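Listed below, chain by chain, are the residues.
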2 protein chains.
Amino acid sequence: MKYSYLDNKELGSAVDEFIESLRESDFYLGEEEVQVSDALDRIVSQAVFAGISAPHYYACAMDGIAVTAKDTFGATDTTPVMLKRHRDFETVDTGDPLPEDKDAVIMVEDVIVLDKDTVKIHAAASPWQHVRQIGEDICQDEMILPSNTKIEPAAIGAMLAGGIGRVKVCKKPVIGLIPTGDEIVSPRPNPKAGEIIEFNTSIFSAMAQKWGVEAKIYPIVVDNLEMIKESLVMACEECDLVVLNAGSSAGREDYASKAIEETGRVYTHGIAIRPGKPTILGIVGGKAVIGVPGYPVSGIIVMEKVVKKVLENMIKSPLSQGEKLEANLSRRVMSSLKYQEFVRMKLGKVKDRFIATPLNRGAGVVTSFVKADGLLEIPLNKEGIEVGEKVEITLLRSKEDIENTLLINGSHDPLIDQAHDLLKRKDYTKHISSSHVGSMGGIMAVKRGETHLAGIHLLDEATGEYNKAYVNRYLKNSGACIIKGVKRSQGLMVARGNPMGINDIKDLADKKARYVNRQKGSGTRVLLDYLLGISRVDEEKIYGYDREELTHLSVAVQIASGSADAGLGIYSAAKVYGLDFVPVCWERYDFITARELLDDEKVAGFAEILKSDELKAALDKLGGYETSGIGEVEYL
Amino acid sequence: MKYSYLDNKELGSAVDEFIESLRESDFYLGEEEVQVSDALDRIVSQAVFAGISAPHYYACAMDGIAVTAKDTFGATDTTPVMLKRHRDFETVDTGDPLPEDKDAVIMVEDVIVLDKDTVKIHAAASPWQHVRQIGEDICQDEMILPSNTKIEPAAIGAMLAGGIGRVKVCKKPVIGLIPTGDEIVSPRPNPKAGEIIEFNTSIFSAMAQKWGVEAKIYPIVVDNLEMIKESLVMACEECDLVVLNAGSSAGREDYASKAIEETGRVYTHGIAIRPGKPTILGIVGGKAVIGVPGYPVSGIIVMEKVVKKVLENMIKSPLSQGEKLEANLSRRVMSSLKYQEFVRMKLGKVKDRFIATPLNRGAGVVTSFVKADGLLEIPLNKEGIEVGEKVEITLLRSKEDIENTLLINGSHDPLIDQAHDLLKRKDYTKHISSSHVGSMGGIMAVKRGETHLAGIHLLDEATGEYNKAYVNRYLKNSGACIIKGVKRSQGLMVARGNPMGINDIKDLADKKARYVNRQKGSGTRVLLDYLLGISRVDEEKIYGYDREELTHLSVAVQIASGSADAGLGIYSAAKVYGLDFVPVCWERYDFITARELLDDEKVAGFAEILKSDELKAALDKLGGYETSGIGEVEYL
């Protein structure tokens, strides 16, 4: 039952060899003729030459009179020259054709009218002055676009100006997307246990749309070899490239490679990339078939790195190129020598440095791609990249967006989401990117200058005081200060009605409650340990002490779903799921920042949001917050 | 008749004030609900929260057996634990829901099967190992997207995974485009003299399409105030923003501002930008109306800098942001203190420097935007930028495209276009960007390291030899070398049948032919002066000596159109327009480059193209070329 791949082929050569094999079945799509006005973003299949010159006639470039330059020679202030209408000149407007026998235009400002048919000029006209030459813009038969060029808006204008109404372009590829799997179901609001919502093909078809490629989504096929083969063969007849989603691995119910093998040929099974190793490259009926793994993140990577490359060769044009950015790595990234890895990164600019932080690498987590700002590529045979190293990131958002992003590390509180939403309502150009690394993680990020703000709630067991003590301990003399946040009610979240009658920390052990904990370094974990200490309860006695979640919401969700009896968290999280809440204490949740960042417009803007009535209203709605002094700066 | 604008307002404040006035008539478009799967690139009008958690059930993350961790405690190699099916364990596959009473999964590899209902394990399972927690990806009621966020492919997946099927998004704006003018006609292959093909609105609607905005093009309206008003009012009823194209200036037949004034209100007439000054900002029936100048380049700038900004405020999201690039300026750019200027630039990377060269600034030349790689912005109150200064360019193409662009400066020959087309057929990722700056200009560009190649044909009057002498004179010891080009036939292009019987240079003066010349510094100009010299003809005697064109084709076009009787140029150009050709001499047209660039893949690739049979065939078709040795390198 161990995965066993046919290959672990290097990405570049795997794809290049595959494209070579495809060439043999001549997979270039061929051309079609379209209206120039409908040709935006299409690829010209042949060079385009102008049919006419633009301008196509001698056009007056000024309002004034058209003359023959010869007739004006010798005109000066002292020796003016008289000109007679119809004999020597004609009145013209900008854009008018230059009269046959004339070769220059004199601006109306330089013409002295003596009578309706006679004018006087004080300066000679040089031949062709103020005349737009034929072909000034485009000459007839001049090349406007070479082959395989993407048609941009200005090119549409140039072709029309050059008398070209229709143009030959490469056909648009159609890719077929076949979702497979017994457990997957089409999107719905209330799936049953065991039903996994199929959203990969929706992501893939959106990616195709971004590339200007048409996508056709086929019905879900269960894990049945014959049915998969049937759908595959049909799609290969109807489309130019087919993506078989999931079942591309080598598990018990992975039929993709067998299906391709039995209807065509598999060229590669297994590419040395992570995520995305279980990828299949095959050809069925002369069409490219790509087996793409089921995990959404792996799927997106394989679409981007494999499918896109094949399509580009079909239409002979690059589909889209991500902007690159150099950034400092804020955390060490490990990588396997055996794989070329693609790591989703969060990016932000703190002072004048771009900071890149790796995101959760679980390939099953699609939200990690929603949060990702860019991709870091770690080549084969590299063990990883060290903290602080400069890395090149391929951006998923614009550099401008990243410069406009406020970074918040540390402990998470729902108020951050509320503030984010309010911020974007006030100024749509700004963004917030928050990483849940716990309060201590946040303090360290501020210390290293890797975040604008850190949300912390850290109890000093000695003084019983919150946050200040930690800032003084870890950020001494570093000019850090506090932007006041909220007081929030921490307590034990338990099932509605509190069936086990849990009333304090001791009950957790005594009543053998199944506990769900927060990760080390989180303020809530520190609080629990403090409470266990003063109530003299050994953590060994807490069943599930090692079961860790990253946010208040995810703790609450476990209790709501009945897999845990209790967990420490804030009131608002309990309220979301209608859980009972046993208050334990009020704690301060504040933000810390470096003093010199206080006038950073993003930080200042965030402080404004904190002070706003809208946020206070939102927090009242969430419940369990006390907001006096929120947004005020406290220097230490 | 002098232009007289109401204002010369600074761009930023003009637009901001305009948007403020629009806010009063509440121009925000409002929202509509769409299917998530159709929502790509739409802007969410409200924050989106997950309807369900993902996963929404405890999913086994491995093939194996589901157990209760408690039951496995104490299992070691020496003290294995026995488990009974249905009492202690159930067999599960990846993706299966975890059975109600279980809380961990043991991998099949770690299970020793004793009989069909009994297994043995040698290691304890920790609670929740190999189980995908509920909400591992998304927790119910967690915020997936804040307000005013653009929906990217991954977000579509996240929403569907979160049980969201429909989403509220900002309505798509519809912009109306009204072309006006007596002389303009819809695109056609053979316009008459005085007819100007209307292609601006096609460019504008393509730009709108790129922004994800819908465009509606209205019929052409002649220069008649009442008719323009009528069309304007209708468009304002049907669209969210209206662009009135041309007539925005203050000339005799410019009705745009009057039309807006009489149906609504003009807020600004005249913005301090170049090109694009004659721009009008007005409101009619609560809708934004923007009067855009007629010159295509001005129009594109105003669409990009004004119309786009207004639209962004309508939908509360940035529409598109150009990548920025730092480059060295290869030529001084002058600018007026009174204007914020936008200069189209050509870009390329020579060795490790990005080089930016300003393009022809004629606002009427749409092809200059086809050739442009980026825009240089020169702020108000700046006289210009000096050669070699570092400038920030907003890109119109990707940085990758620019790195893949071969720069050819100097004299132009149609063979460059042919080679460009062949290159793009062979490798669609490569591009050629050629600037017609004449042979001398090319040599200087090589000297300054601002181009990969220069095309030159320079006759050394002393030796009668081509090119080498100049390279030795101007590029001495600079390691420049020659990539052999062609011998081509230079001669006098004259009307078909040579009506004036022009047989040599002397005839030009003797027969008073209307001559059309090439620009100073061009090899053909040098050749003419040489020929005038040896035939003892004074340039004063050549009528039209000062009439300059930049390419062989544009010289030929003037003769073909009857506005000139003769011009010096190459056979292939004469042939294009069926002109007669009086051969004067064969000349060498070669390429020069810096030696260290010979292994630059772009330069090497170009040399390969030169050697190719396809190019030779193309040159034979053009005629007048002799290709022996083409593509060979000649060291000096």
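Anyway, here's the lowdown on the structure attached to this text. It should be emphasised that the depicted structure is a prediction, and the values quoted were computed from it without experimental measurement.

1. Description of the relation of the copies chain A and chain B
Okay, step 1: At an RMSD of 0.1 Å, chain A and chain B line up after a rotation of 180° and a shift of 0.0 Å along the axis. On the angle and the small slide along the axis, the relation comes out as a two-fold axis. Among all residues of chain A, the one whose C-alpha sits closest to the rotation axis is Glu323(A), at a distance of 3.6 Å.
Okay, step 2: Most of the interface of chain A is mirrored in chain B, where 99% of its interface residues are also at the interface.

2. What about the sheet that holds strand 5 (residues 81-84) of chain B?
Residues and elements named next belong to chain B.
Okay, step 1: Taken in spatial order, the three strands make up an open sheet running 5-9-8, and their pairing is antiparallel. Two strands lie at the open edges of the sheet, namely strand 5 and strand 8 (112-115), each paired on one side alone. Shown here is a sheet whose adjacent strand axes are inclined to one another by a mean of 30°, direction ignored.
Okay, step 2: Bridging between strand 5 and strand 9 (residues 118-121) involves four bridges; their strand directions are antiparallel.

3. With respect to the sheet that holds strand 16 (residues 214-217) of chain B
Paired through their backbone hydrogen bonds, the strands of a sheet run either parallel or antiparallel.
All names here are of chain B.
Okay, step 1: Reading across the sheet, the six strands line up as 16-13-17-21-20-18 and stay open at both edges, with mixed pairing between neighbours. One side of each edge strand has no neighbouring strand; the edge strands of this open sheet are strand 16 and strand 18 (265-269). Ignoring strand direction, the axes of neighbouring strands in this sheet form an average angle of 20°.
Okay, step 2: Of the pairings in the sheet, the one linking strand 13 (residues 174-179) to strand 17 (residues 241-245) comprises five bridges and is parallel in character. In the sheet register, Leu177 faces strand 17, and the bridge partner there is Val243.

4. Topic: the packing of aromatic side chains
Okay, step 1: A complete count under the given rule lists twelve aromatic pairs over all chains for this structure.
Okay, step 2: Ring centres 5.2 Å apart and planes at 85° place the aromatic pair Phe591(A) and Phe606(A) in the edge-to-face group. Taken together, the positions of Phe591(A) in strand 36 (residues 580-594) and Phe606(A) in helix 17 (residues 601-611) put the pair 15 residues apart, joining distant regions of the chain.
Okay, step 3: For Phe591(A), a relative accessible area of 0% puts it in the buried group.
Okay, step 4: Overall, Phe606(A) belongs to the buried group, its relative accessible area being 1%.
Okay, step 5: An aromatic cluster of three or more residues is present, and its members are Tyr589(A), Phe591(A) and Phe606(A).
Okay, step 6: Positioned above the aromatic ring of Trp128(B), the side-chain terminus of Arg547(A) is 3.7 Å from the ring centre.
Okay, step 7: The aromatic ring of Tyr543(A) is capped on one face by Lys70(B), whose charged end is 4.6 Å from the ring centroid.

What counts, and where the lines are drawn
- Residues numbered from 1 in each chain as written.
- Chains lettered and ligands numbered in written order.
- Predicted model: local features only at pLDDT ≥ 70, side-chain atom pairs only at ≥ 80, totals over all residues.
- Heavy atoms only, no water.
- Least-squares fit on C-alpha atoms with pLDDT ≥ 70 in both.
- Contact = heavy atoms within 4.5 Å.
- Pairing = 2+ DSSP bridges.
- Helix = DSSP H or I, 4+ residues; strand = E, 2+ residues; numbered from the N terminus.
- Axes fitted to C-alpha atoms, helices over the stretch in contact; angles between N-to-C directions.
- Phe/Tyr/Trp six-rings, centres within 6.5 Å; stacked < 30°, edge-to-face > 60°.
- Buried < 20%, exposed > 50% of the residue type's maximum accessible area, 1.4 Å probe, protein only.
- Lys NZ or Arg CZ within 6 Å of the ring centre and 35° of its normal.

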